[in-house]
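# Examination of the molecular architecture
These are the residues of each chain, in order.
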Amino acid sequence: QDNLFCFTFSTAILRYLVQKYNTPDHWYPSDPQKRARVDEYLAWQHTTTRPNGCRVFWVKCMTPAILGRNAEADKLNQVLAEFIAVMKHLEETYLKDGLFLAGDEISLADLVAIVEIMQVVASGVPVFQQMPKLEAWKQRVEEALGPEVFKEAHEDILNVKEQQLNSLSPEVKEQLKGRLLLFTNCGMWLC
């Protein structure tokens, strides 16, 4: 929310903020071709990086925390395979020619991507271990933001098991349990 102007969670708020607060041009470039590269990733991520990262997080991290048991191996393997396929596409397509997802400077595309990937890291998946291009990109994102900002931005998700999950009320746990059981029983997912 910005004053009385509200957004639902989406990349629209990021575009709005960079334009309203006149941020450096690299975040959301004024050059139409460079901006189109950022928009290309932002349009792609909401059906790929975001839901696949979310599924891994819920299956690998939330299932044990809420249901008290690990997810079924076949479900976990399926969501991990889908996520890895997305990461390979990200490497081969978006990191093919540039240092960052939309070119040689950090942009909103990189911010949105790293957040989705870090929730998978928080789940205990060594995302960057076998993907050197992706790991090098992560290091560049961290350097561009600064290590302290990067750490602060991901602190909550990286400590989710120790902090947030242990403090959930029984009511919230029941709501989350319903979502997890829906996914486990019928394969539907509500990310």
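Computed from a prediction, not measured in an experiment: that's the story for all the values here.

### Observations regarding a negative patch on the surface
A surface patch of like charges, here negative, comprises Asp25, Asp31, Asp104 and Glu105. Residue placement: Asp25 occurs in the loop between helix 1 (12-20) and helix 2 (32-45).

### Looking at helix 5 (residues 108-122)
The terminal C-alpha atoms of helix 5 lie 21 Å apart, and with 15 residues this matches the ideal 21 Å at 1.5 Å per residue to within 8%. Most of helix 5 sits inside the fold, with 12 of its 15 residues counted as buried. The elements touched by buried residues of helix 5 are helix 1, helix 2, helix 3 (49-67), helix 4 (73-94), helix 6 (132-145) and helix 7 (147-158). The first or second residue beyond helix 5 is Gly124, which carries a positive phi of 95 degrees.

### Structural notes on the packing of helix 3 against helix 5
Two numbers describe how helix 3 lies on helix 5: the axes approach to 8 Å, and their chain directions differ by 20 degrees. With respect to each other, helix 3 and helix 5 are oriented roughly parallel. In this structure, helix 3 meets helix 5 at a crossing whose hand is left-handed. Packed against helix 3, whose contacting residues are Thr49, Arg50, Gly53, Cys54, Val56 and Phe57, the element helix 5 presents Ala113, Glu116, Ile117, Gln119 and Val120 at the interface. Along the lines of polarity and charge, the residues of the contact of helix 3 with helix 5 split into six nonpolar, three polar and two charged.

### Description of the pattern of salt bridges
What the rule picks out here adds up to five salt bridges. Note that Lys96 is salt-bridged to Asp97, the shortest N-O span being 4.0 Å. Of the two residues, Lys96 and Asp97, neither departs from the other in class, the shared state being exposed. Lys138 is the salt-bridge partner of Glu142, the closest N and O atoms lying 3.3 Å from each other. Linking Glu142 with Lys138, this pair stays in helix 6, spanning four residues, or about one helical turn. Of the two residues examined, Glu142 and Lys138, each falls in the buried class.

Criteria and cut-off values
Residue positions are given per chain, counted from 1 along the sequence in the order it is written. Thresholds applied to this predicted model are a pLDDT of at least 70 for local features of residues and 80 or more for the giving and counting of side-chain atom pairs; totals over whole chains, interfaces and linings are not thresholded and use all residues. Based on all heavy atoms of the structure, the side-chain values leave hydrogens and waters out of the count. Like charges are joined within 9 Å and nonpolar side chains (Val, Leu, Ile, Met, Phe, Trp, Tyr) within 5 Å, but only among residues with over 30% relative accessible area and no salt bridge; these make up the patches. Where accessible areas are quoted, they stem from the Shrake-Rupley method and a 1.4 Å probe; at the residue level, only the protein chains shown are allowed to cover. Here, a salt bridge means any side-chain nitrogen of Lys or Arg that lies within 4 Å of a carboxyl oxygen of Asp or Glu. For this count, His and the chain ends are skipped, Lys and Arg are scored as positive, and Asp and Glu as negative. A single reference atom marks each charge: NZ on Lys, CZ on Arg, CG on Asp, CD on Glu. Going along the chain from the N terminus, every DSSP run of H or I of four or more residues is numbered as a helix, and every run of E of two or more is numbered as a strand. One less than the number of residues in a helix, times 1.5 Å, gives the span that helix is expected to have. Exposure classes here rest on a 1.4 Å probe applied to the protein chains alone. A residue is buried below 20% of its type maximum, exposed above 50%, and partly exposed in between. Two residues form a contact once any of their heavy atoms are found within 4.5 Å. A fitted line through C-alpha atoms represents every axis, and for helices the fit uses only the stretch in contact; the resulting angles, taken between N-to-C directions, go from 0 to 180 degrees. Any angle between 65 and 115 degrees counts as roughly perpendicular, while under 35 counts as roughly parallel, over 145 as roughly antiparallel, and the rest as oblique. In a left-handed crossing the near helix is turned counterclockwise from the far helix by less than a right angle, and in a right-handed crossing that turn is clockwise. When residue character is reported, Ala, Val, Leu, Ile, Met, Phe, Trp, Tyr, Cys and Pro are called nonpolar, Asp, Glu, Lys and Arg charged, and the others, Gly included, polar.

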